[in-house]
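# Chains, contacts and geometry: an overview
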Amino acid sequence: MKLSIKFFSTLLLTCLALSQVNAAEYEVKMLNASENGNMVFEPAVLQVEVGDTVTFVPTDPIHDSISVLAPPGANTWHGQRDQSVSVTINKEGVYIYKCAPHYYYGMVGVIHAGKPVNLTEAQQAAREISSKFLMNKDRLISYLDQLK
Ligand SMILES: [Cu+2]
C-alpha cells in the first residue's frame with residue numbers, strides 16, 4: 001500500500017514536471033525586410049498554446065513590439081525600442097501587436113492560441129487599424145484570414 005502511494009505521487013510529480021517542460025518558447029524577429037515584405041515581424045502569424053512564451057527579438061534596429069488587442073484577461077506587453085520583450089500567452093484567442101515606429105507601414109503581427117474566441121472583434125479592429133496604414137493596407141486583414 002505504501003509503495004503504491006509513493007508510486008502515484010511520483011507519477012503525479014513527473015506529470016507536473018512534464019507539463020511545465022511542455023510550455024514552448026517562441027521567437028518573433030523584428031525585421032526591416034524579409035521575403036514577406038518590408039518592416040515585418042517574422043513569423044507574422046504565430047500559433048501557440050496557452051502557457052507558451054513569445055519573445056520579440058530586435059533583429060534589425062529601430063523596432064519594438066506593443067500589444068494592440070488581446071482577449072479579455074490576457075497578458076499584454078509594451079516593449080521598448082531595440083529591446084527584447086517576452087509575454088506568456090495566458091488566455092486563448094487572438095492577439096494583435098504593432099511596432100510603434102512602423103505602425104503606418106503596417107508593421108503588425110498576430111498571435112493566436114486555442115479557439116479564436118475574439119476573432120470578430122479582432123477583424124473589426126483590423127479594419128479600423130488598417131485604414132490608417134500608408135502601405136500594406138491588406139496585410140493585417142490577410143493575417144487574420146489565415147485563422148479562419
Ligand atoms: Cu518596426
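The shown structure was predicted, so the numbers you read here are calculated from the model rather than taken from an experiment. (Residues numbered from 1 in each chain as written. Predicted model: local features only at pLDDT ≥ 70, side-chain atom pairs only at ≥ 80, totals over all residues. Heavy atoms only, no water.)

### Remarks on the sheet that holds strand β5 (residues 66-69)
For the record, the criterion: Pairing between strands is defined by DSSP: at least two bridges between them are needed. The helix count covers DSSP runs of H or I at least four residues long, the strand count covers runs of E at least two residues long, and both are numbered beginning at the N terminus. A fitted line through C-alpha atoms serves as each axis, taken over the contacting stretch for helices, and the angle formed by two N-to-C directions is quoted from 0 to 180°. By definition in these notes, contact holds between two residues if any of their heavy atoms fall within 4.5 Å.
Taken in spatial order, the four strands of this open sheet run β3-β8-β7-β5, and their pairing is mixed. The two strands at the open ends of the sheet, each matched to only one other strand, are β3 (45-48) and β5. Averaged over all neighbouring strand pairs, the angle between strand axes comes to 30°, with direction disregarded. In this sheet, strand β8 (residues 108-113) lies alongside β3 in parallel orientation, the contact comprising four bridges. Following the sheet pairing, Val45 is matched in β8 by Val110. The sheet strands contacting helix α2 (residues 119-130) are β5 and β7 (93-98), and the helix crosses β5 at an angle near 110°.

### A closer look at the nonpolar core
For soluble globular proteins, the rule of thumb is that nonpolar side chains tend to be buried together. Under the convention used in this document: We call a set of buried Ala, Val, Leu, Ile, Met, Phe, Trp, Tyr and Cys residues a nonpolar core when their side-chain atoms join them within 4.5 Å. Accessibility here uses a 1.4 Å probe with only protein chains present; expressed as a share of the type maximum, an area under 20% marks a residue as buried, one over 50% as exposed, and anything in between as partly exposed.
Judged by nonpolar contacts, the single largest core of 20 residues is most densely connected at Phe41, Val54, Phe56, Trp77, Ile89 and Ile111. Of all the elements in the fold, those that place two or more residues in this core are β1 (25-34), β2 (37-42), β3, β4 (53-57), β6 (85-88), β7 and β8. Excluding its chain neighbours within four sequence positions, the residues that come into contact with Val54 are Tyr26, Val28, Leu46, Val48, Val85, Ser86, Val87, Ile89 and Ile111. Counting 18 residues, the second largest nonpolar core, distinct from the first, contains Ala44, Ile129, Phe133 and Tyr143.

### Let's talk about the coordination of the copper ion
The test is simple: Metal donors were taken as nitrogen, oxygen and sulfur atoms no farther than 2.8 Å from the ion, or 3.2 Å where the ion is Na, K or Ca. Water is excluded, so coordination may look unfinished. Any site counts as irregular unless it has four donors with all angles between 85 and 135 degrees, making it tetrahedral, or four or six donors with opposite ones more than 155 degrees apart and the rest between 65 and 115, making it square planar or octahedral.
Of the protein atoms, only His63 (ND1), Cys99 (SG), His102 (ND1) and Met107 (SD) coordinate the copper ion, at distances of 2.0 to 2.5 Å. The site at the copper ion holds four donor atoms, and with the angles between them running 95 to 126°, its shape is tetrahedral. Spacing between the donor residues of the copper ion along the chain follows H-x35-C-x2-H-x4-M. In this pair, His63 is assigned in the loop between β4 and β5 and His102 in the loop between β7 and β8, connecting sequence segments 39 residues apart. Here His63 and His102 have matching classes, each one buried.

### Considerations on α2
Just so we agree on the cut-off: Helix span, as expected, comes to 1.5 Å for every residue beyond the first. The arc in question is the one spanned by the directions pointing from the helix axis to the C-beta atoms.
Its twelve residues give α2 an end-to-end C-alpha distance of 16 Å, which sits within 8% of 16 Å, the value for a rise of 1.5 Å per residue. Burial in α2 covers these residues: Leu119, Ala122, Gln123, Ala125, Ala126, Ile129 and Ser130. Projected onto a plane normal to the axis of α2, the buried residues spread over an arc of 165° and lie on a single side. Residues of α2 that are exposed and angled more than 90 degrees away from the buried face: Thr120, Arg127 and Glu128.

### A short note on the environment of Pro116
Topologically, Pro116 is positioned in the loop between β8 and α2. In this structure the C-alpha to C-alpha distance between Pro116 and Leu144, which are 28 residues apart in sequence, comes to 9.9 Å.

### Points about the side chain of Asp52
Put simply, the rule is: For the charge count, each Lys or Arg is scored as positive and each Asp or Glu as negative, with His and the chain ends excluded. Note on definitions: salt bridges are taken to be side-chain nitrogens of Lys or Arg within 4 Å of carboxyl oxygens of Asp or Glu. Counted as a polar contact is a pair of N or O atoms within 3.5 Å, where, for protein atoms, one must be capable of donating a hydrogen and the other of accepting one, and residues adjacent in sequence contribute only when both atoms are in side chains.
As for its placement among the helices and strands, Asp52 is situated in the loop between β3 and β4. Among buried Asp, Glu, Lys and Arg side chains, Asp52 stands out as unpaired, with Lys91 the closest opposite charge at 16 Å. A polar contact is formed between the side chain of Asp52 and the backbone nitrogen of Ala24, at a distance of 2.7 Å. Leaving out residues up to four positions away in the same chain, Asp52 has contacts with Asn22, Ala23, Ala24, Tyr26, Val87, Thr88 and Ile89.

Nothing here speaks to function; it is all geometry.
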